[in-house]
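Spelled out, the chains give:
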Amino acid sequence: MPALKPILLVEDNPKDLELTLAALEQSQLANEVVVVRDGEEALDFLYRRGAHASRNTADPAVVLLDLKLPKIDGLQVLEQVKADPDLRHTPVVMLTSSREESDLLRSYELGVNAFVVKPVGFREFFDAIQDLGVFWAILNEPPPRGARQGL
């Protein structure tokens, strides 16, 4: 049986990071959660560059991507991922506190798989993260390997 793919969590807000990790842990997912704190580090992880050049883990089951990030913002990360033939089938969930319609529209134009506005209440946020983790790490069926390579 192949190893479980990690969940890549891209979040710079310490409070949101703590809550997200707690919710994923509560879901009892066996997937490793890899945390990066800015868009540049997310791309380094995905492309195995810099501090992540020697990572031996599989590509992520899902990228939980904050919209507002330092260095490279979430929309720029999304754009690069979805433009890359090797990464474009990686599910990306924009996880943001932005309720801007322009952010929502731009995310979908760039190929985001889901756009989730972070609920304000603790319980709602916790439940939303648990549902996301279970769906993308367990329930979602990714395309077959040959389809990913355009075969």
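Scope of this entry: the structure provided in the associated data block. (Residues numbered from 1 in each chain as written. Predicted model: local features only at pLDDT ≥ 70, side-chain atom pairs only at ≥ 80, totals over all residues. Heavy atoms only, no water.)

1. Observations concerning the nonpolar core
Of all hydrophobic cores here, the largest spans 22 residues; its most connected members are Leu 8, Val 10, Leu 65 and Met 94. Counting residues per element, the ones that place at least two in this core are strand 1 (7-10), strand 2 (33-36), helix 2 (39-46), strand 3 (62-65), helix 3 (74-83) and strand 4 (92-96). Among all residues touching Leu 65, those that are not within four sequence positions of it are Val 10, Gly 74, Val 77, Leu 78, Val 92, Val 93, Met 94 and Leu 95. Among the nonpolar cores identified, the runner-up in size contains 17 residues, and Ile 7, Leu 9, Leu 17 and Leu 64 belong to it. (Core = buried A, V, L, I, M, F, W, Y, C linked by side-chain atoms within 4.5 Å. Buried < 20%, exposed > 50% of the residue type's maximum accessible area, 1.4 Å probe, protein only. Helix = DSSP H or I, 4+ residues; strand = E, 2+ residues; numbered from the N terminus. Contact = heavy atoms within 4.5 Å.)

2. Overview of the pattern of salt bridges
Under the counting rule described, the total for this entry stands at 8 salt bridges. Here Lys 68 and Asp 103 are joined by a salt bridge, their closest N and O atoms 3.3 Å apart. Within this pair, whereas Lys 68 is found in the loop between strand 3 and helix 3, its partner Asp 103 is found in helix 4 (residues 101-109), the two being separated by 35 residues in sequence. A salt bridge links Arg 106 to Glu 79; the nearest nitrogen and oxygen atoms lie 3.8 Å apart. Of the two residues, Arg 106 sits in helix 4 while Glu 79 sits in helix 3, which places them 27 residues apart along the sequence. Glu 79 gets classed as partly exposed once you look at its relative accessible area, which sits at 38%. Within the structure, one salt-bridge network assembled from shared partners comprises Asp 38, Glu 40 and Lys 71. (Salt bridge = Lys/Arg side-chain N within 4 Å of Asp/Glu carboxyl O.)

3. A word on the packing of helix 2 against helix 3
Relative orientation of the contacting elements helix 2 and helix 3 amounts to 20°, with a least axis distance of 9 Å. Classed by the angle they form, the pair helix 2 and helix 3 counts as roughly parallel. Between helix 2 and helix 3 the crossing geometry is right-handed. Here Gly 39, Ala 42, Leu 43 and Leu 46 of helix 2 lie close against helix 3, whose contacting residues are Val 77, Gln 80 and Val 81. Tallied by class, residues from the contact of helix 2 with helix 3 come to 5 nonpolar, 2 polar and no charged. (Axes fitted to C-alpha atoms, helices over the stretch in contact; angles between N-to-C directions. Parallel < 35°, antiparallel > 145°, perpendicular 65-115°, else oblique. Left-handed = near helix turned anticlockwise from the far one by under 90°. Nonpolar A, V, L, I, M, F, W, Y, C, P; charged D, E, K, R; others polar.)

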